[in-house]
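Coordinate inspection notes
Read off the chains here:
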6 protein chains.
Amino acid sequence: MANTDVWLESLITKTPQEGRALAILMSRKTIAAIQTDPEKRKQMRPDYAEDTVQLIQSAQVVAIEFQTVAQANNYWRDAK
Amino acid sequence: MANTDVWLESLITKTPQEGRALAILMSRKTIAAIQTDPEKRKQMRPDYAEDTVQLIQSAQVVAIEFQTVAQANNYWRDAK
Amino acid sequence: MANTDVWLESLITKTPQEGRALAILMSRKTIAAIQTDPEKRKQMRPDYAEDTVQLIQSAQVVAIEFQTVAQANNYWRDAK
Amino acid sequence: MANTDVWLESLITKTPQEGRALAILMSRKTIAAIQTDPEKRKQMRPDYAEDTVQLIQSAQVVAIEFQTVAQANNYWRDAK
Amino acid sequence: MANTDVWLESLITKTPQEGRALAILMSRKTIAAIQTDPEKRKQMRPDYAEDTVQLIQSAQVVAIEFQTVAQANNYWRDAK
Amino acid sequence: MANTDVWLESLITKTPQEGRALAILMSRKTIAAIQTDPEKRKQMRPDYAEDTVQLIQSAQVVAIEFQTVAQANNYWRDAK
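Per chain, the residues get numbers from 1 upward, laid out in the order the sequence is written. Labels are handed out in written order, letters beginning with A for the chains and numbers beginning with 1 for the ligands. Local features in this predicted model are restricted to residues of pLDDT 70 or higher, and side-chain atom pairs are both shown and tallied only at a pLDDT of 80 or more, whereas totals for entire chains, interfaces and linings draw on every residue. Here the side-chain values reflect all heavy atoms present in the structure, with hydrogen atoms and water set aside.

**Topic: the relation of the copies chain F and chain D**
The criterion, for reference: Each copy is superposed on the other by least squares, with the fit set by C-alpha atoms of residues at a pLDDT of at least 70 in both.
Placing chain F over chain D gives an RMSD of 0.0 Å and needs a rotation angle of 60°, together with 0.0 Å of translation along the axis. Accordingly, the operation relating the two chain copies is best matched by a six-fold axis. For chain F, the residue whose C-alpha comes nearest the rotation axis is Ile64(F), separated from it by 6.9 Å.

**Concerning the packing of helix H3 (residues 52–72) of chain A against helix H3 (residues 52–72) of chain E**
The criterion, for reference: Lines are fitted to the C-alpha atoms to define the axes, a helix being fitted only along its stretch in contact, and any angle between axes, read from their N-to-C directions, falls within 0 to 180 degrees. Only DSSP runs of H or I with at least four residues qualify as helices, and only runs of E with at least two residues qualify as strands; both kinds are numbered from the N terminus onward. For classification purposes, an angle smaller than 35 degrees is called roughly parallel, one larger than 145 roughly antiparallel, one from 65 to 115 roughly perpendicular, and anything else oblique. Here is the rule for handedness: rotate from the far helix to the near one, and if that takes an anticlockwise turn smaller than a right angle the crossing is left-handed, while a clockwise turn gives right-handed. We call two residues in contact whenever any of their non-hydrogen atoms come within 4.5 Å of each other.
Closest axis-to-axis distance for the H3(A)/H3(E) pair is 9 Å, and the angle between their directions is 10°. In terms of orientation, H3(A) and H3(E) fall into the roughly parallel class. Like other packed secondary-structure pairs, H3(A) and H3(E) cross with a definite hand, here left-handed. Taking contact as the criterion, the partners of Gln54(A), Gln57(A), Ser58(A), Gln60(A), Val61(A), Ile64(A), Glu65(A), Gln67(A), Thr68(A) and Gln71(A) in H3(A) are, on H3(E), Thr52(E), Val53(E), Ile56(E), Gln57(E), Ala59(E), Gln60(E), Ala63(E), Ile64(E), Phe66(E), Gln67(E), Ala70(E) and Gln71(E).

**Structural notes on the interface of chain A and chain B**
Here is the rule we go by: By convention, the term buried area covers the 1.4 Å-probe accessible surface removed from two parts as they join, with the contributions of both added. Take a side-chain nitrogen of Lys or Arg and a carboxyl oxygen of Asp or Glu: if they are within 4 Å of each other, that pair is a salt bridge. Any N or O atom pair separated by 3.5 Å or less is treated as a polar contact, with the protein-specific requirement of one donor-capable and one acceptor-capable atom, and with residues adjacent in sequence counted only for side-chain atom pairs. Gly falls in the polar group here, along with every residue not listed as nonpolar (Ala, Val, Leu, Ile, Met, Phe, Trp, Tyr, Cys, Pro) or charged (Asp, Glu, Lys, Arg).
Listed as interface residues are 29 residues of chain A and, on the opposing side, 31 residues of chain B. Surface buried jointly by chain A and chain B totals about 2800 Å² across both partners, of which 62% is contributed by carbon and sulfur atoms. Area buried by chain A at its contact with chain B is led by Gln17(A), Arg20(A) and Ile56(A), which between them contribute 23% of it. For the interface between chain A and chain B, the tally reads two salt bridges. Note that Glu50(A) and Lys40(B) form a salt bridge whose closest N and O atoms lie 2.8 Å from each other. In this structure, the connection of chain A to chain B is made through 15 residue pairs in polar contact (both at pLDDT 80 or more). If you list the elements that add at least two residues to the side of chain A that touches chain B, you get helix H1 (16–34), helix H2 (38–49) and H3 of chain A. In terms of residue count, H3(A) provides more of the side of chain A that touches chain B than any other element does, 15 residues in total. When the residues that make up the side of chain A that touches chain B are grouped by side-chain class, the tally is 15 nonpolar, seven polar and seven charged.

**Some points on H1(A)**
Stated precisely, the cut-off is as follows: Helix span is expected to be 1.5 Å times the residue number reduced by one. Residue exposure (1.4 Å probe, protein chains only): buried if accessible area is under 20% of the type maximum, exposed if over 50%, otherwise partly exposed.
For H1(A), which comprises 19 residues, the first-to-last C-alpha distance of 28 Å matches the rise-based estimate of 27 Å (1.5 Å per residue) to within 8%. With 14 of 19 residues buried, H1(A) is to be regarded as a mostly interior element.

**Description of the environment of Ala49(C)**
With respect to the helices and strands, the residue Ala49(C) is situated in helix H2 (residues 38–49). Non-local contacts of Ala49(C), meaning those with residues more than four positions away in its chain, are made with Leu55(C), Ile34(D), Gln35(D) and Met44(D).

**Details of the side chain of Gln67(C)**
With respect to the secondary-structure elements, Gln67(C) resides in helix H3 (residues 52–72). Classification of Gln67(C) as buried rests on a relative accessible area of 15%. Apart from residues no more than four positions distant in its own chain, Gln67(C) is found in contact with Gln67(B), Ile64(D), Gln67(D) and Thr68(D).

**A short note on the side chain of Thr52(B)**
Mapped onto the secondary structure, Thr52(B) falls in helix H3 (residues 52–72). Taking the relative accessible area as the measure of exposure, Thr52(B) reaches 4% and is therefore buried. Looking at Thr52(B), its side chain comes within polar contact range of the side chain of Gln54(C), at 2.4 Å. Sequence-distant contacts of Thr52(B), defined by excluding residues within four places in its chain, comprise Met44(C), Asp47(C), Tyr48(C) and Gln54(C).

**Considerations on unusual backbone geometry**
Phi is positive for Trp76(A), which is not a glycine, with a value near 50°. Mapped onto the elements, Trp76(A) comes out in the segment after H3. Not every positive phi belongs to a glycine, and Asn74(C) is a case in point at roughly 50°. For Asn74(C), the location among the structural elements is in the segment after H3. Under the relative-accessibility criterion, Asn74(C) is labelled partly exposed at 42%.

**With respect to the interface of chain F and chain D**
Taken residue by residue, the interface counts 31 residues in chain F and 29 residues in chain D. Between chain F and chain D lies a buried interface of about 2800 Å² when both sides are counted; carbon and sulfur atoms form 62% of it. Where chain F packs against chain D, one counts two salt bridges. Arg20(D) is the salt-bridge partner of Glu65(F), the closest N and O atoms lying 2.8 Å from each other. On the surface where chain F and chain D come into contact, there are 15 residue pairs in polar contact (both at pLDDT 80 or more). Of all elements in the fold, only helix H1 (16–34), helix H2 (38–49) and helix H3 (52–72) of chain F reach the threshold of two or more residues within the side of chain F that touches chain D. At 11 residues, the largest contribution of residues to the side of chain F that touches chain D is made by H3(F). Looking at the side of chain F that touches chain D, its residues break down into 15 nonpolar, 11 polar and five charged.

**Looking at H3(F)**
Residues and elements named next belong to chain F. With 21 residues, H3 should reach 30 Å at 1.5 Å per residue; the first-to-last C-alpha distance of 30 Å fits that figure. H3 sits mainly inside the fold: 19 of its 21 residues count as buried. Two to three positions downstream of the cap, the backbone nitrogen of Val53 sits 3.1 Å from a side-chain oxygen, assigning the N-cap of H3 to Asp51. Where H3 terminates, the next one or two residues include Asn74, which has phi positive at roughly 50°.

**Section: the packing of aromatic side chains**
All names here are of chain D. Stated formally: The rule is short: rings of Phe, Tyr and Trp, with Trp giving its six-membered ring, pair when the centres are within 6.5 Å, and they are stacked under 30 degrees, edge-to-face over 60, tilted in between. In our convention, an over-ring charge means Lys NZ or Arg CZ found within 6 Å of a ring centre and within 35 degrees of that ring's normal.
Summed over all chains, the structure comprises six aromatic pairs over all chains. With centroids separated by 5.7 Å and ring planes inclined at 15°, the aromatic side chains of Phe66 and Trp76 adopt a geometry described as stacked. With a gap of 10 residues between them, Phe66 in helix H3 (residues 52–72) and Trp76 in the segment after H3 connect regions that are remote in the sequence. The buried category is assigned to Phe66, whose relative accessible area is 0%. Residue Trp76 is classed as buried on the basis of its relative accessible area, which comes to 6%. Its guanidinium or amino end placed over the ring of Phe66, Arg20 lies 4.5 Å from that ring's centre, counting from NZ or CZ.

So, in structure tokens, the structure goes:
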């Protein structure tokens, strides 16, 4: 992850669903920060997308990130 | 997960049990966002539904998602 | 888990220990929601009850669920 | 875990260290609730006490339980 | 981690993205505190950077650290 | 862990970095409470210090403990 690539300007999203998308993006960006080679990341994709263990663990990361996003947005309580 | 499929309009549910159902839905939607092929997801189902390790890990994801849902709903304290 | 089976009416319990029991119930209900066949769940029981790795992971799920229950109950601070 | 065995009367402890002991007790009690045979639990002990992977995972359960205990006790801020 | 190496003066960062970078740094510093030999850490790098399971687990650590950083910064709510 | 060994008098630390050190200590003390034989713990050290999977999982425990310590210290917001 080059420092110059600003991908997280804010944790605030308009809707809960946008918050989910942000949580997924956050998870992916961490992996990209550790495995910086995009080609390798692409090759790895079948490893986890077709392995239920890894899919479940990925879902756990997203759940944790979403906790942060949801709290930042006060659970979008006023949105509805 | 197509962006056009709005499945999370709100984190607010009427009852704790509906909150559980939402937490399970959230977990599943993350997996669907990573493994986008519904046919493959269907084929994978026995992998985790019959493996206790994966069932326990799935339960962990749901527990984390439910923390968020419960907090959003103020633990349904006024509901009962 | 049939939707008609309402098992979670409230997160409020009278005592911390009842809260523990609820946390364990919550974990079990998630697994029952994923593996819906009670016969299969019964067959699987030795898999995790005799494997320390899985026992520890189960304990982790319960710990997470209990965080939610304890917070809902304001940690039963007034109970004692 | 027999329902009659009341082991968790309160989450409140006098000191942080007592809170740690309670967190460890909570973890152990969950495992005892799943694997109810004390003889089997005793036999299993070397499995996890001599396996670093399982020791680390046990430490994780305790860390999560301790979060709850610490929050219940307002982090013992007034104690010192 | 030598005690003399002060790398964490504050949890406060100017932007959410700087908070992400701090969360990654925190994760790395823990590993450096356990495996103190920099040469060994360097040799290990391919182990986790090319293994999706470990990448996902690393992402989980970062997600947890980020929860702390985000809360410390009040989710940078005033920043935007 | 002998009950007489009081190692956790308070969760309050002067700086965030001291908080990190405390989080690491907490993780280690749990492991020492389960594997009480110091000689065995010493022998096990290479098991986890040279295995990236275990290093990452250790980092996760520390991250969770640090959440507690950071919250106890109000994120050291006034310290800087």
